[in-house]
Amino acid sequence: MPRRVLALASALSLALAVQGCGGSSGEAADRPLEVVATIGSVGLWPGQFATPRAIDTDGSILWVIDKAARVQKLDAATGEPLVEWKTPRHDNGMPVGVTCAMLGGRRVTIVADTHESRVLIYGPGEDPRAEAPIVAEFGSYGTGPGQFIYPTDVAVVEDPAFGTRIYVSEYGGDDRVSVFNERFEFQFAFGRFGTGEHPTEVEFNRPQSLVVDEANRELVVVDACNHRIGRFTFDGALIAWIGSPETAGRELGQFKYPYSLALLDDGTALVVEYENGRVQRIEMKTGRGIETFGKPGRGVGELVTPWSIAMIGRTAYVLDTGNNRIQAFRSPRPGQTRRGDAPTLSHAPVGAGEGS
Amino acid sequence: MVSHDKPHQSENGAGTRRPRERTPATVVSAGLLAIVLVLLAVPLGVAFIPHSTQSGPLVETPPVLPLFGNSLLASLGVGVCATVIGLFGAWRARAAGAFGRVLVMLPLALPSYLSYAGWSVFRAPGTWLGDWIGSLPGARAGEVGHAANVAFAILGMVLWLWPLAAIIIGAHVRRLDADLFQLIRAESPGILRRCVLLVRLLRPSILLSIMLVGLLALGTAIPLHVANVPTLAISVWLTLDRLPPDQAWRALLVAWPLWTIACVAGWWLGSRATAWATGGRAAHATREGMRASTRGTLTLCWLVGLSVVVPTAALVLSTRNLHSIGRFWRISGEGVVHGLAVGGMTAGAIGVIAIATGLALSARGMPLRVGRGFVRAMLMLGLSPGVLVGTGLVGGWNRLDASGNVTSGMLIEVLAHVARFGWIGAIAGCAMVRLEHPNLRDLRRADGAETLLGFARTGLMLNFPLLAAAGLGAGLLSFTEIECSVVVQPPGPGNLARQILNYLHFARIEEMSAAAVWIVGSGILLTTSIGWLLMVRERVERTTGGLS
C-alpha cells in the first residue's frame, strides 16, 4: 500500500512540476523599467509611505494617499515632502483614488474616499506647504442615485457641449459609474456589476480608475477584476473593450488586474497591472500590446502590486504599492494631458531593497 | 555505539518504561532537527535583534492591552465553542466507526476565511438577514451588520477548528473502556447527568482542547481582520507593514503578549508531549461492544454539513456565472499550482521531521535533549502569529544571504511553513514513539533498524500512515495558509495567498466562490486521505497491539 501511495505522490509531483514549468511559456518579452528616480520608503515619517494606493499630479506636485489615511504632497522634481495630513474620517477604511483637475475654473484635488462612501474636494490653498482645505464633499452610503458603496476614482470633464461633468466609479455590489454636474447633483449612471461574459453589455467588476481622453472625447474605465479597459463616450455609451476576462494573462496585450492607466500623446497608454507587476504600453484604438516595462520584485525597476500611475511630461511616476515607494521612469512618449514639462529630477534612484 | 537500557515491560507492553537507545539513526535524526532549528532560529534572531543605530521610525503604537483583551475574548470564545462541538463530534465519532473518523477530518478542508465568506453570504443584500439589517435605521444597521460580521468570523474559526478539538478529545475517548460507558449509562438515568459525568471523565482533554484551539485562534488575524474586529494579531500585522525591515524588532514590543504566551504555552505543551511520548505505554481500551451506529454517523454528517457543505454551497450558489470557476483557474491557476507545490514540499519536510523527532525521542543523552527542545521550539513557533514568524524569517534570511537565493524561491516558503506547522511533525514524532509496541521495537532492532536506512526498511513502513497523515495535514494547512504566505512569498502572479486576501478584502464573492471550489476540492481530497491513513494506522496499532 505505501509504495503505491508513494508512486502516486511522485506522479502528482511530476505533473505539478510539468505544469509549473509550462506556465511561463509564451511570456511577453519584458523591457526593464529604467528608473530615473525613486521616492519614498516604508514608514510613517513625511515622505515615507504605508501602502500608498493613490497618486496624481497637478504638474509639479505629487499627491499621494496611503493606507494610513495620509494625504501627502511631494515636490515632483525633488521628491521632498511638502505637507501631510489625514482625511477627516477613516474608521471604515482609506481612500484609493485621487484626481487633480480643474473644476469651475479652480484647480482642485478630488479624493474618492472609498470606505467612507463619499467624495472629498480639496481646494488649492494659498500655500503649497499647508494643508489644503476641503471645499466640498458629496455622496453617502447606499445604492440609490447619487449614493456610493465604495467609490474608487473621479474624473472631471469640462466641455462646452454639456458644461461640467464629474464621473465617479464605484464597486462593492453596485459596480457602476455615476455622473454629477458641477453642483454635485446626480445626472445619470451607467454600468452594473457583471463578470464580463457579454462584451456588448456594460458590466464592471471593480472599475478601479477613470481617465479622460480629451483628444478623442472618450472616458476610459479600467475594469480591474474583469481584466479589461473600457472606452466610453462622455454619455456612457460603450465604444470598445480592450482585453477581456477570457483572455486575462501575462502575454503582450493581456492584462491581469489592470488598476490604472496614463494616456500618451500618440494614442497609446501605459497600463499599470496590479497582479502582473508591470507597466504595459498598449494602442488604445486597437488594444494591441506594444511593450511591457518592469517585472514583479523588490529591486530597482521591479514592482510589487503597483496601484496607480501619474505623468508629468515624459516622466511616469508608478505607485509601487507593495514596495511602499514611487518609481519614476522615462516614458516612450509624453502624457496626453499637458501637466507641465518633465521635471529635472534631482533625486537619484535608490538601491535595491531600500525602498521595500 | 549501540547501547540499550534493559526494558521493563508487562505482558501486553502497557505501563512499560521505554528503553533508551543511541543508534546512528537517532544521532543523525537529532543532527537533522538541530539543523532545522538553526535554519529557523538564526534568521529569526537576526531579524528581531535590534541592530540599527539610526533614529527609529515613526510608529503609531496601538493600545496593546485593550487589543489583547479583544483577542483573548475572541480566542476563548472560539476555544470553548470549538471544544463543545469537538466533544460532541468525538463522542459521536466513537460510535460512527471508521467512516466517522474520516468525516471528522473534512472540516479542515475549508479554512476559516472561506467558512466566514460562505456564511457571510447569508447577510448579503437580498437574503432575509441582509434585508432585515438593511431595514434598520442608519447607525443601528451599521452596528447590527458589524455584530453579524463578528459572529460569522467567530463561527468560521469554530467550524474550522472543531476537528482539532475532536481529535484531542477523541484520543481520550478511545482510551476509555466500552464497559465504562455501559456503567455510566446504567448508573445515570438522565442524559444531563450522563453528560456531566462524561465531561468530568474527559476533563483533562477538554481543558487541553480549549487551550490549544484558543491559542491557535489567538495568533490568527484572519478572518477577524476582514470582519473589522480590532485584535492584537491584526495590529502586529499593520505595525509590521509600516516598519522598514531593519526595524521589524519594534513589532515585538507590540506583540509581546502574543509571543510571551506562545513561548510559555509552547514550552509547557512541548514538555507534556515529550513526557507523554517517552512515558509508559497506555493499555489498550476494550472496544468490544462498541459498534458503528447510524445515529453517530448521521450526527457527524450534520456537523460536517454545517462546517463544509453549507458555506461551500452558499458560495457556489451565489456565483452569478459558473464560468467564473474555470476563469479562476486561468487567473489564479499558477498560484494554485504553486501553493500545491509548496504544500507538497512542506508535507515531505514534516514527514521527515516526524521521523527524526520520533527517533530522537527514543534515544538517550544529547539526541533526546535535542528532540525535546525541538518539540518545544516547534510548538512555540506554531502558536506565534504567522505574520511575525514570516516577517522574521524573510528579514533574517535577507540579511544572512545577500544573494537572495533563499528568499527569491520556494525555499523560504517551505521554511516558513515548516516553522508554522513543524509542530504537527513534532507531535506525530511523539505519537510514533508512544504508539510503538515494545515488542515491535525489539523486532525492528533485530531486523537491523539502527541506521536510517534500516529504519526506512522496517519502522517507516509500519509508521507510514501516521507520518503521511501528519505530512498531508501540514501540507493542507500550508496550501490554505495566508498570513505567513503573504509575507514570505516572492511577488508575482504565483502568490495565491495575496489573491485570496484581496478577494476577501474586496468582498468579491464571485472570485471567492470560484476559489472555494478549487481549495475545498483539493482540501477534501487531502482530508479524506488523512482520515483514511489514520484509520489504517489505528488498524495497524490494533493488529500489532496483540503481538504480545
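The structure we're discussing is the one just above.
My aim in this report is to walk through the structure given alongside it, one point at a time. (Residues numbered from 1 in each chain as written. Chains lettered and ligands numbered in written order. Predicted model: local features only at pLDDT ≥ 70, side-chain atom pairs only at ≥ 80, totals over all residues. Heavy atoms only, no water.)

Focus: the overall build of chain A
Across its full length, chain A carries 1 helix and 29 strands. Across the 356 residues that make up chain A, the buried fraction comes to 59%. Across chain A, the fraction of contacts at a sequence separation of at least 24, relative to all contacts at a separation of at least 6, is 48%. Surface exposure of chain A reaches about 13,100 Å², of which carbon and sulfur atoms provide 51%. (Helix = DSSP H or I, 4+ residues; strand = E, 2+ residues; numbered from the N terminus. Buried < 20%, exposed > 50% of the residue type's maximum accessible area, 1.4 Å probe, protein only. Contact = heavy atoms within 4.5 Å. Areas by Shrake-Rupley, 256 points an atom, 1.4 Å probe, with all protein chains shown as cover.)

Some words on the overall build of chain B
Along its length, chain B carries 23 helices and 0 strands. For chain B, the residues scored as buried account for 60% of the 548 residues in total. When the accessible surface of chain B is summed, it comes to about 21,700 Å², and 67% of that surface belongs to carbon and sulfur atoms.

Description of the packing of helix α6 (residues 138-175) of chain B against helix α9 (residues 203-218) of chain B
Residues and elements named next belong to chain B. As a packed pair, α6 and α9 sit with axes 9 Å apart at the nearest point and diverge in direction by 150°. By the criterion of interaxial angle, the relationship of α6 to α9 is roughly antiparallel. You can see that α6 and α9 cross each other, and the crossing is right-handed. Contact residues: Met-157, Leu-161, Leu-164, Ala-165, Ile-168, Ile-169 and His-172 in α6; Pro-204, Ser-205, Ile-206, Leu-208, Ser-209, Leu-212, Val-213, Leu-216 and Ala-217 in α9. The class makeup of the residues in the contact of α6 with α9 is 13 nonpolar, 3 polar and no charged. (Axes fitted to C-alpha atoms, helices over the stretch in contact; angles between N-to-C directions. Parallel < 35°, antiparallel > 145°, perpendicular 65-115°, else oblique. Left-handed = near helix turned anticlockwise from the far one by under 90°. Nonpolar A, V, L, I, M, F, W, Y, C, P; charged D, E, K, R; others polar.)

Let's talk about unusual backbone geometry
The residue after Ile-222 of chain B, namely Pro-223 of chain B, is reached through a cis peptide bond having omega 10°. Within the fold, Pro-223 of chain B resides in the loop between α9 and α10 (232-241). A positive phi angle, close to 60°, is found at Arg-206 of chain A, a residue other than glycine. The phi dihedral of His-227 of chain A is positive, around 55°, even though this residue is not glycine. Topologically, His-227 of chain A is positioned in the loop between β18 (218-223) and β19 (228-233).

Focus: the packing of aromatic side chains
Residues and elements named next belong to chain A. Evaluated as defined, the whole model comprises 21 aromatic pairs over all chains. Over the ring of Phe-162 we find Arg-165, and its NZ or CZ is 3.9 Å from the ring centre. The residue whose ring lies beneath Arg-228 is Trp-241, and the NZ or CZ to ring-centre distance is 3.5 Å. (Phe/Tyr/Trp six-rings, centres within 6.5 Å; stacked < 30°, edge-to-face > 60°. Lys NZ or Arg CZ within 6 Å of the ring centre and 35° of its normal.)

Notes on the side chain of Ser-205 of chain B
All names here are of chain B. On the secondary structure map, Ser-205 appears in helix α9. Classification of Ser-205 by relative accessible area gives buried; the value is 6%. Here the side chain of Ser-205 touches His-172 through a polar contact of 2.9 Å, side chain to side chain. Not counting chain neighbours up to four residues away, the residues in contact with Ser-205 comprise Ile-168, Ile-169 and His-172. (Polar contact = N/O pair within 3.5 Å; in protein donor to acceptor, adjacent residues only side chain to side chain.)

Digging into the packing of helix α4 (residues 112-120) of chain B against α6 of chain B
Residue and element names in this part refer to chain B. In the contact formed by α4 and α6, the axes pass within 8 Å of each other and the chain directions differ by 135°. When the interaxial angle is binned, α4 and α6 end up oblique. Every pair of crossing elements has a handedness; the one defined by α4 and α6 is right-handed. Here Ser-112, Ser-115, Tyr-116, Trp-119 and Ser-120 of α4 lie close against α6, whose contacting residues are Asn-149, Phe-152, Ala-153, Leu-155, Gly-156, Met-157, Leu-159 and Trp-160. Its residues placed into classes, the contact of α4 with α6 shows 8 nonpolar, 5 polar and no charged.

Quick word on the environment of Gly-409 of chain B
Inspection of the secondary structure assignment puts Gly-409 of chain B in the loop between α16 (386-400) and α17 (410-435). Spatially, the C-alpha atom of Gly-409 of chain B lies 8.0 Å from that of Gln-489 of chain B, the residues being 80 residues apart in sequence.

Points about the nonpolar core
The nonpolar side chains of soluble globular proteins are, as a tendency, buried together. Judged by nonpolar contacts, the single largest core of 172 residues is most densely connected at Leu-40, Leu-114, Val-236, Leu-393, Ile-482, Ile-500 and Leu-504 of chain B. Residues in contact with Ile-482 of chain B, not counting those within four places in the same chain, are Tyr-113, Ile-222, Ala-497, Ile-500, Leu-501 and Leu-504 of chain B. (Core = buried A, V, L, I, M, F, W, Y, C linked by side-chain atoms within 4.5 Å.)

Side note on the interface of chain B and chain A
Across the boundary between the two partners, chain B contributes 37 residues, which contact 44 residues of chain A. A combined buried area of about 3,600 Å² lies between chain B and chain A, and 58% of that area is made up of carbon and sulfur atoms. At the surface where chain B touches chain A, the tally comes to 3 salt bridges. With its nearest N and O atoms 2.9 Å apart, the salt bridge here joins Arg-330 of chain B to Glu-246 of chain A. Broken down by secondary-structure element, the contributors of at least two residues to the side of chain B that touches chain A are α14 (323-361), α20 (459-480), α22 (496-505) and α23 (509-545) of chain B. Looking at which element gives the most residues to the side of chain B that touches chain A, the answer is α14 of chain B, with 9 residues. Classifying every residue of the side of chain B that touches chain A by side-chain character gives 19 nonpolar, 7 polar and 11 charged. (Buried area = accessible area lost by both parts, 1.4 Å probe. Salt bridge = Lys/Arg side-chain N within 4 Å of Asp/Glu carboxyl O.)

Topic: the sheet that holds β19 of chain A
Residues and elements named next belong to chain A. Spatially, 4 strands are ordered β17-β18-β19-β20 in an open sheet, and the strand pairing comes out antiparallel. Pairing within the sheet leaves two strands with one partner each, and these edge strands are β17 (207-213) and β20 (238-242). The average angle at which neighbouring strand axes cross in this sheet is 20°, direction not considered. With 6 bridges connecting them, β17 and β18 associate as antiparallel partners. Looking across to β18, one finds that Val-211 is bridged to Val-220. (Pairing = 2+ DSSP bridges.)

Considerations on helix α5 (residues 128-135) of chain B
Residue and element names in this part refer to chain B. By the burial criterion, the buried members of α5 are Leu-129, Gly-130 and Ile-133. Down the axis of α5, the buried side of the element spans an arc of 100°, and every buried residue falls inside it. The outward face of α5, more than 90 degrees from its buried face, is lined by the exposed residues Trp-128, Gly-134 and Ser-135. As for α5, its buried residues are in contact with α6. (Arc of directions from axis to C-beta.)

Structural notes on the pattern of salt bridges
Pairing of side chains with opposite charge becomes possible as their charged atoms draw close. Residue and element names in this part refer to chain A. With the rule as written, the count across this model stands at 29 salt bridges over all chains. One salt bridge connects Glu-170 with Arg-176, and the closest N-O pair in it is separated by 2.6 Å. Here the two residues Glu-170 and Arg-176 agree in accessibility, since each one is buried. The partner of Arg-192 in a salt bridge is Glu-203, and the shortest N-O contact between them spans 3.5 Å. With Arg-192 in strand β15 (residues 192-193) and Glu-203 in strand β16 (residues 203-204), this pair connects stretches of sequence that are 11 residues apart. With relative accessibility at 4%, the residue Glu-203 sits in the buried group. Shared partners join several salt bridges into a network, and the residues in it are Arg-31, Asp-266, Arg-281 and Glu-291.

Some words on a nonpolar patch on the surface
On the surface, a cluster of nonpolar side chains totalling about 240 Å² of accessible area is made up of Val-38, Val-42 and Leu-400 of chain B. Owing to a relative accessible area of 48%, Val-38 of chain B belongs among the partly exposed residues under this scheme. (Patch = residues over 30% accessible without salt bridge, like charges linked within 9 Å, V, L, I, M, F, W, Y side chains within 5 Å.)

Points about the pairing of strand β28 (residues 315-320) of chain A
All names here are of chain A. Burial within β28 is extensive, with 6 of its 6 residues counted as buried. A two-sided burial pattern is seen for β28, the buried positions comprising Thr-315, Tyr-317 and Leu-319 on one face and Ala-316, Val-318 and Asp-320 on the other. Where strand β27 (residues 308-312) meets β28, 5 bridges bridge the pair, whose relative direction is antiparallel. Paired with Ile-312 across the two strands is Thr-315, which belongs to β28. Where β27 folds back onto β28 in an antiparallel hairpin, the turn is made up of 2 residues, including Gly-313, whose phi is positive at roughly 60°. Summarising the sheet, β28 and strand β29 (residues 325-330) pair through 6 bridges and their orientation is antiparallel. Bridge pairing links Asp-320 to Arg-325 in β29. What sits between the antiparallel neighbours β28 and β29 is a turn of 4 residues, in which Asn-324 has the positive phi angle 55°.

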